[in-house]
Each structure stands twice: as structure tokens, then as C-alpha cells.
Amino acid sequence: MQASLKVTPTLLLLDLGEVRRLITQDGPRLARYIAVLREPHARCVRLRGVGVSALMRKGIPPGETLLYTLPDDPLDFEQEGPSLHLPGLRLYLGGPPAFVETPFYAWVEP
């Protein structure tokens, strides 16, 4: 998998390169992009109005995007091997972890 990462003060955008099956805290999803926007409340958003305009302004197709909102700065992340660690969110690009560390998570199915 060839993924790329773009980070600004208000957005973290992970491009998986193609639509992939993800397992999330809410169940399976199909997405090419995982976006993290800075907003007052932490949540995983099903794109039905909420967040759509913010993504479209940035040129991100909402239909292919899994969107998380976090109150923390998207620049406050660490990469540990194939995983991205944000406050309250873990993105596991190498497949399922041994255990999930946060309330919000997504992993890419192999």
C-alpha cells in the first residue's frame, strides 16, 4: 500500500492511494482518505452534511472519506511504525493491532 500524509494546523489527511476496507470503532467502512479535522468535540462523522463542505473546500471527495473530528491540534501526532497516534485516535495501517488503545480507531484490512 502506498499511502501519503498531508498535515496542516486544521487538517490531517491520510491518502491510502485507493479505496480500502477499514475496520473502525463503528464497524467496517470503505474509504480512500482518512481525514482528521479540528473541532470542539471528538467524533467519527458519517458524511451526511456534517463536514462535507469543509472537505470539499480542501478538494477532498466526501464520498471516499472517513472523517474524524478531534479538539486537539492535528499537528500533535506521532508515527510509530505503520501506525499514526493522535490524542484519542489510532490509525493502524499495517492491519489489526494486538489491542486497541483509544476510543476512536481504524485499521486497514490486509
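Within every chain, residues take consecutive numbers counted from 1 along the sequence as written. Local features are withheld for residues below a pLDDT of 70 in this predicted model, meaning they are given only at 70 or higher, and side-chain atom pairs are given and counted only at 80 or more; totals for whole chains, interfaces and linings count all residues. Each side-chain value is worked out from all heavy atoms of the structure, with water and hydrogens disregarded.

Caption draft 1: Seen up close, the pattern of salt bridges. Salt bridges are counted wherever a side-chain nitrogen of Lys or Arg sits within 4 Å of a carboxyl oxygen of Asp or Glu. One pass over the full model with this rule turns up five salt bridges. Of the charged contacts in the structure, one is a salt bridge between R29 and D26, with a shortest N-O distance of 3.8 Å. For every residue, the accessible area obtained with a 1.4 Å probe (protein chains only) is divided by the maximum for its type, and the residue is called buried under 20%, exposed over 50%, and partly exposed between those limits. Judged by relative accessible area, which is 13%, R29 ranks as buried. As a salt-bridge pair, E39 and R43 come within 3.0 Å of each other at their nearest N and O atoms.

Caption draft 2: The environment of P97, seen in detail. Checked against the element boundaries, P97 lands in the loop between β8 (89–92) and β9 (104–108). Linking P97 and W107, residues 10 residues apart in sequence, is a C-alpha distance of 8.0 Å. The contact definition used throughout considers only heavy atoms, calling two residues in contact when any of these lie within 4.5 Å. Discounting chain neighbours no more than four positions away, the residues touching P97 are Y92 and W107. Numbering of helices and strands runs from the N terminus; a helix is a DSSP stretch of H or I covering at least four residues, while a strand is a stretch of E covering at least two.

Caption draft 3: Local environment of a negative patch on the surface. Together, D72, D76, E78 and E80 give the surface a local cluster of negative charge. Secondary-structure assignment places E80 in strand β6 (residues 78–80). Every patch collects residues that have over 30% relative accessible area and no salt bridge, joining them within 9 Å if they carry like charges and within 5 Å if they are nonpolar side chains (Val, Leu, Ile, Met, Phe, Trp, Tyr). Using a 1.4 Å probe, the Shrake-Rupley method yields the accessible areas, and only the shown protein chains count as cover for residues. In this tally, Asp and Glu contribute negative charge and Lys and Arg positive charge; neither His nor the terminal groups of the chain are included. To locate a charge, take atom NZ for lysine, CZ for arginine, CG for aspartate or CD for glutamate.

Caption draft 4: Broad picture of the side chain of T69. Locating T69 in the fold gives a position in strand β5 (residues 65–70). Residue class for T69 comes out buried when judged on its relative accessible area of 1%. Side-chain polar atoms of T69 contact the backbone oxygen of H41, separated by 2.8 Å. When residues no more than four places from it in sequence are discounted, the contact partners of T69 are L37, E39, H41, A42, R43 and V45. What qualifies as a polar contact is a pair of N or O atoms within 3.5 Å, subject to a donor-acceptor requirement within protein and to the restriction that residues adjacent in sequence count only when both atoms come from side chains.

Caption draft 5: Spotlight on the environment of L86. Here L86 shows up in strand β7 (residues 83–86). For L86 and L75, which are 11 residues apart along the polypeptide, the C-alpha to C-alpha distance reads 8.8 Å. Not counting the four nearest positions on each side in its chain, L86 is found in contact with L12, V36, L70, P74, D76, F77 and L91.

Caption draft 6: Quick look at the pairing of strand β1 (residues 4–7). For two strands to be treated as a pair, DSSP must find no fewer than two bridges joining them. Relative to strand β2 (residues 11–24), β1 runs antiparallel, the two being bridged by four bridges. Within the sheet, the bridge partner assigned to S4 lies in β2 and is D15. Linkage of β1 to β2, two consecutive antiparallel strands, is achieved through a turn of three residues.

Caption draft 7: Representation of the pairing of β9. Counting buried positions over the five residues of β9 gives five, a clear majority of the element. Of the two faces of β9, both are covered, the one formed by F104, A106 and V108 as well as the one formed by Y105 and W107. The pairing of β2 with β9 spans three bridges and is classified as antiparallel. Note on β9: the bridge partner recorded for I23 is W107. Of the pairings in the sheet, the one linking β8 to β9 comprises four bridges and is parallel in character. In the strand pairing of β9, L91 is matched with A106.

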